[in-house]
Each structure stands twice: as C-alpha cells, then as structure tokens.
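Results of the structural survey
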Amino acid sequence: MSVQLTEQVLKDFLEAFNRHDLDAIMGYFAEDCVFYTPRGAAPRGDRYAGKAEVRAGLAKRFEGIPDVHYGSDRHWVCGDLGVSEWTLTGTSTSGQSIEVRGVDLLEFAAGKITRKDSYWKILDK
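In this report, we go over the structure that sits alongside the text.

Cut-offs and rules
Residues numbered from 1 in each chain as written. Predicted model: local features only at pLDDT ≥ 70, side-chain atom pairs only at ≥ 80, totals over all residues. Heavy atoms only, no water. Helix = DSSP H or I, 4+ residues; strand = E, 2+ residues; numbered from the N terminus. Rg over C-alpha atoms; globule rule 2.2 N^0.38 Å. Areas by Shrake-Rupley, 256 points an atom, 1.4 Å probe, with all protein chains shown as cover. Phe/Tyr/Trp six-rings, centres within 6.5 Å; stacked < 30°, edge-to-face > 60°. Buried < 20%, exposed > 50% of the residue type's maximum accessible area, 1.4 Å probe, protein only. Pairing = 2+ DSSP bridges. Axes fitted to C-alpha atoms, helices over the stretch in contact; angles between N-to-C directions. Contact = heavy atoms within 4.5 Å. Expected span 1.5 Å × (residues − 1).

What the chain contains, in helices and strands, is 3 helices and 6 strands. Helices and strands in the chain line up, N terminus first, as α-α-β-β-α-β-β-β-β. Taking 125 residues into account, the globule formula puts the C-alpha radius of gyration at 14 Å, and the chain, at 14 Å, falls close to it. Its C-alpha atoms give the chain principal-axis dimensions of about 45 × 30 × 30 Å. Carbon and sulfur atoms provide 51% of the accessible area of the chain, an area that totals close to 7100 Å².

In this section: the packing of aromatic side chains. If you walk through the whole model with that rule in mind, you get 7 aromatic pairs. Ring plane angle 50° and centroid distance 6.1 Å describe the contact between Phe 17 and Phe 62, whose orientation is recorded as tilted. Residue Phe 17 is located in helix 1 (residues 7–18), and its partner Phe 62 is located in helix 3 (residues 51–64); the two are separated by 45 residues in the primary sequence. No difference in accessibility class separates Phe 17 from Phe 62, as the two residues are buried. When the centroid spacing of 6.0 Å and the interplanar angle of 20° are considered together, the rings of Phe 35 and Tyr 48 count as stacked. You can see Phe 35 sitting in strand 1 (residues 29–36) and its partner Tyr 48 sitting in strand 2 (residues 47–49), a full 13 residues away along the chain.

The subject of this paragraph is the sheet that holds strand 6 (residues 112–120). Read across the sheet, 6 strands follow the order 2-1-6-5-4-3 without closing on themselves; strand pairing throughout is mixed. Since the sheet does not close on itself, it has two edges, and those belong to strand 2 and strand 3 (69–78), each with one partner. Each strand axis lies, on average, 15° off the axis of its neighbour in the sheet, ignoring direction. Across the sheet, helix 1 is in contact with strand 1, strand 3, strand 4 (81–91), strand 5 (97–109) and strand 6; its angle to strand 3 comes to roughly 155°. The sheet contacts of helix 3 involve strand 1, strand 2, strand 3, strand 4 and strand 6, and relative to strand 1 the element is tilted by about 50°.

An ideal rise of 1.5 Å per residue puts 20 Å on 14 residues; helix 3 measures up with 20 Å between its terminal C-alpha atoms. Within the sequence span of helix 3, burial applies to Val 54, Gly 57, Leu 58, Ala 59, Arg 61 and Phe 62. Next to the buried residues of helix 3 lie helix 1, helix 2 (22–26), strand 1, strand 2, strand 3 and strand 6.

Put into structure tokens, the structure is as follows:
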C-alpha cells in the first residue's frame, strides 16, 4: 500500500527520531533503501544500503549522541522528494555539546524512503 508523501509524513518521521524509536523510523524505509551520513570517508559521507545496514547506521547516531534532538524544523514536498530542515542538538558521549543546522534530502517510492541523504553545517569554533 502506497502512502502519499506530505509534510505531515516528514514531521512524523522526524518525531520518530526525537523519540529514538528505531522500529518506527525503519517503518518509513523501503527494503532497498540507502542512507548517506553527513560525514565519512567518501565525499558523499558513509553509505548504508538495505534496511539492516541503515538501521545499524542510525543506531550509531543514537549511541554517539544519546540525547540527540531535532528541532526548529521545516519540511517541503515536491512529488516523491522531501526536504526536512532542522537544528540538531545534543551531547556526544565524549561530553561535547552539539548544535548544528542541517537538512535531510529524502527520496520516496511507493510511500517509502529509498534514499536519505543528510547534511550538516560545518562549524568553525
């Protein structure tokens, strides 16, 4: 069953992140999904392919920033493409306070996310 992509779907997806609910988050993803992280060894960031790898990659985010929260969000939809803009806040396991503006570029097929490409601003401190 296909779900129409709306701004509310993007808001609900982000709220699942704020609850740190991996089961709910993964319910939005297609089996053949891809997740590109904001950093990594490749110019596009680290790449996770398939639901098992994507879940493991997202779990790392919650492990590395246990109190991660996405706020001040805005969302746009154009056909099967979605954009979520947010401010990520939290504290890393090393005690570093984090506050960074970022976006997710999301591609959907048959109502499920096939690509999540995350970008964060680079902060000079």
